[in-house]
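Breakdown of the fold
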Amino acid sequence: MLAVMAVVFVAFGLMFRKVSRKHAARIMAHPRDRVSFIRTFDAKGYLVIAIMMGGGIALRAFNLVPLEFIGSFYPGLGTALALTGVTLIAARRGRGPALSPSKASKLDKGGK
């Protein structure tokens, strides 16, 4: 179980790192000092969230994976998501890594 947790944490942590930097730059580039949490993600981000939540609900509702897998998957995913939230909060407070607005707009368009 610990191995699955570690693999899930690393895999999602790497994915969320790139995404969190992009969204942190979007928040920092917003003209208002206070930004609503709804503006944290773009439409594509909310679509990914909906698919991931729907997939997780379906996996559990239809018993498609063993409970042991779920018991080790969710702690890894939850830890990666929590650290992503910390990254966004730190960026908003000016203490964390954030991309420049021009770099964020390149990422929105699929660039690197």
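Residues numbered from 1 in each chain as written. Predicted model: local features only at pLDDT ≥ 70, side-chain atom pairs only at ≥ 80, totals over all residues. Heavy atoms only, no water.

Another aspect to go through is the overall build of the protein chain. When helices and strands are tallied, the protein chain shows four helices and zero strands. The proportion of buried residues among the 112 residues of the protein chain is 21%. About 7,800 Å² of surface is accessible on the protein chain, with carbon and sulfur atoms providing 69% of the total. (Helix = DSSP H or I, 4+ residues; strand = E, 2+ residues; numbered from the N terminus. Buried < 20%, exposed > 50% of the residue type's maximum accessible area, 1.4 Å probe, protein only. Areas by Shrake-Rupley, 256 points an atom, 1.4 Å probe, with all protein chains shown as cover.)

On to the side chain of Thr 84, then. For Thr 84, the position within the fold is in helix 3 (residues 67-92). Filtering out sequence-adjacent residues up to four positions away, Thr 84 remains in contact with Phe 16 and Ser 20. (Contact = heavy atoms within 4.5 Å.)

Moving on, we come to the confidence of the model for the protein chain. Low-pLDDT stretches of the model should not have their predicted coordinates read in fine detail. Within the protein chain, residue pLDDT values average 76, and 79% of them lie at 70 or more. For the protein chain, helix 4 (residues 101-108) is the element with the lowest average pLDDT, namely 49, and helix 2 (residues 43-61) is the one with the highest, namely 89. (pLDDT = per-residue confidence, 0-100.)

Taking 1.5 Å per residue, 28 residues should reach 40 Å; helix 1 (residues 2-29) reaches 39 Å between its end C-alpha atoms and fits that length. Those residues of helix 1 that fall on the buried side of the exposure criterion are Val 8, Phe 12, Phe 16, Ser 20, Lys 22, His 23, Ala 24, Ala 25 and Ile 27. (Expected span 1.5 Å × (residues − 1).)

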